[in-house]
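# Architecture and fold: a report
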Amino acid sequence: MKKLCKILLLCGLVFMGGCSKNISKENEQPQKDTTTLHIIVNNEKKEVFNKEVTVDGNVASLEEFLEKADELDVVLTDSKYGKRLDGMLNIETKDWNKGPWWLYSSTTNKKCKENNMCPAISDLTIENGDEFTFEFTSEM
């Protein structure tokens, strides 16, 4: 009889442990990964934006980040070299032959530092915390 009581008690504990695990999993909120970059935007050398921008999800490229960064109001266009940055914060290149154009740089991004320039936004791998400066300028 003692053996039967011990077995029933053990089964009850295992059952209760399994139920409490399921309850706690139901109450857990799924964690969203985020990516944050420090973004500086200059329009003809005048700073118009300077702050941390966060998007939901882990994004691999600068293109993916900009597509998700609603507050930057980015306009990207397909080109033969990948995505081209045509506009940001309602500032757009009207004539690609005359300019002004969007340029960008980073002093923190590993690929930009290694190459002494940033590659195309489609090819530019980013890391959480990178800083980018976007310059709308007629000067090359």
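The paragraphs below set out a description of the structure included in this document. This is a predicted model, so every value here is computed, not measured.

## Quick notes on the sheet that holds strand S6 (residues 101–105)
Here we have four strands laid out as an open sheet, ordered S2-S1-S7-S6, and mixed in their pairing. Edge positions in the sheet fall to strand S2 (46–56) and S6, since each has one partner strand and no second. Adjacent strand axes in the sheet meet at a mean angle of 25 degrees, parallel and antiparallel pairs treated alike. In the sheet, strand S1 (residues 34–43) pairs with strand S7 (residues 131–137) via six bridges, with the strands oriented parallel. Opposite Ile-39, over in S7, you have Phe-132 as the bridge partner.

## As for the state of the cysteines
For the structure on display, the rule yields one disulfide. Between the sulfur atoms of Cys-112 and its disulfide partner Cys-118 the distance amounts to 2.0 Å. Note on the Cys-112 and Cys-118 pair: the S-S dihedral is about 115 degrees, so by sign convention the disulfide is right-handed. Like Cys-118, Cys-112 is buried.

## Describing the pairing of S1
By the criterion of burial, S1 is predominantly enclosed, with eight of the 10 residues buried. Bridging between S1 and S2 involves 10 bridges; their strand directions are antiparallel. Bridging across to S2, His-38 finds its partner in Glu-52. Between the end of S1 and the start of S2, which pair antiparallel, lie two residues, with Glu-44 showing a positive phi angle near 50 degrees.

About the thresholds
- Residues numbered from 1 in each chain as written.
- Predicted model: local features only at pLDDT ≥ 70, side-chain atom pairs only at ≥ 80, totals over all residues.
- Heavy atoms only, no water.
- Pairing = 2+ DSSP bridges.
- Helix = DSSP H or I, 4+ residues; strand = E, 2+ residues; numbered from the N terminus.
- Axes fitted to C-alpha atoms, helices over the stretch in contact; angles between N-to-C directions.
- Disulfide = S-S within 2.5 Å.
- Buried < 20%, exposed > 50% of the residue type's maximum accessible area, 1.4 Å probe, protein only.

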